[in-house]
Amino acid sequence: MADLDLSRVHPLFARQIECLQNADIAGLVETYHPEAVVVRFQGVLNGIDEIRETFGRYMDIAARYEELLEYTHTEDTIFVRAHMSVRGEHELGFGAYVLRDGLIWRQVAGIEGGMRNWFAESAEAAESTETAGSAP
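No experiment lies behind these values; they were computed from the predicted model shown.

Q: Provide a residue-level description of the environment of Asp 5, including the pertinent values.
A: Counting through the fold element by element, Asp 5 comes out in the segment before α1 (11-21). A residue is classified by how much of its surface remains accessible, and Asp 5, at 53% relative accessible area, is exposed. Separated by 62 residues in sequence, Asp 5 and Glu 67 have C-alpha atoms that sit 8.2 Å apart. Here Ser 7 takes part through its side chain, which lies 2.6 Å from a polar atom of the side chain of Asp 5.

Okay, here's the thing in structure tokens:
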């Protein structure tokens, strides 16, 4: 995160990046409004529980911001395009955030070129670990 210049970004977005970079899912979830909705090509996340579950897997796939390419914000809207890394692979991510009561209320996010099966692979690995630890 040392290479990221966050001096001009909205404080809430800076907090989100900080949490993601430090694998702090509890802190990341705190940036979302209780009625938050996140729209992604992989599906819609409704509410804190679905956001926690899905974004918790971001920690498993080592999703990180590397460089902010384009960024702008108003009092209640954030728009960004960034170089990211996911499992060490370079990706181009984008997103728009609408704030309510100082928290992320609506988010639209994606990876240019489409999302791979990182989440499915992460869920399969977790499932096989749980199965391996189960008593017959």
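So, next bit.
Q: Can you break down the pairing of strand β5 (residues 89-100) residue by residue, with the values?
A: Each regular strand carries side chains that alternate between the two faces of the sheet. Bridging between strand β4 (residues 77-86) and β5 involves ten bridges; their strand directions are antiparallel. Along β5, the bridge assignment pairs Ala 82 with Gly 93. Taking the residues between adjacent antiparallel strands as the criterion, β4 and β5 are bridged by two residues, where Arg 87 takes a positive phi near 50 degrees. With eight bridges joining them, β5 and strand β6 (residues 103-111) adopt antiparallel strand pairing. Directly across from Val 98, in β6, lies its bridge partner Arg 106.

Q: Give a description of the environment of Asn 46 that names residues and reports values.
A: Structurally, Asn 46 can be placed in strand β2 (residues 43-46). Expressed as a C-alpha distance, the spacing of Asn 46 and Arg 106, which sit 60 residues apart in the sequence, is 9.8 Å. Leaving out residues up to four positions away in the same chain, Asn 46 has contacts with Ala 36 and Val 37.

Q: Run through the pattern of salt bridges, naming residues and quoting values.
A: Side chains that differ in sign of charge can pair as their charged atoms come close. A complete count under the given rule lists six salt bridges for this structure. We note a salt bridge from Glu 35 to Arg 100, for which the minimum N-O separation is 3.9 Å. Here Glu 35, found in strand β1 (residues 32-40), pairs with Arg 100, found in strand β5; they are 65 residues apart in sequence, far enough to count as distant. The class for Glu 35 is partly exposed, based on a relative accessible area of 49%. Measuring nitrogen to oxygen at the nearest pair gives 3.8 Å for the salt bridge that ties Arg 81 to Glu 112. Pair noted here: Arg 81 is in strand β4 and Glu 112 is in the loop between β6 and α4 (118-132), with a separation of 31 residues, a long-range link. Overall, the relative accessible area of 36% leaves Glu 112 in the partly exposed class. Look at the salt bridges and you will find they share partners, linking Arg 15, Glu 18 and Asp 24 into a network.

Calculation criteria
Residues numbered from 1 in each chain as written. Predicted model: local features only at pLDDT ≥ 70, side-chain atom pairs only at ≥ 80, totals over all residues. Heavy atoms only, no water. Helix = DSSP H or I, 4+ residues; strand = E, 2+ residues; numbered from the N terminus. Buried < 20%, exposed > 50% of the residue type's maximum accessible area, 1.4 Å probe, protein only. Polar contact = N/O pair within 3.5 Å; in protein donor to acceptor, adjacent residues only side chain to side chain. Pairing = 2+ DSSP bridges. Contact = heavy atoms within 4.5 Å. Salt bridge = Lys/Arg side-chain N within 4 Å of Asp/Glu carboxyl O.

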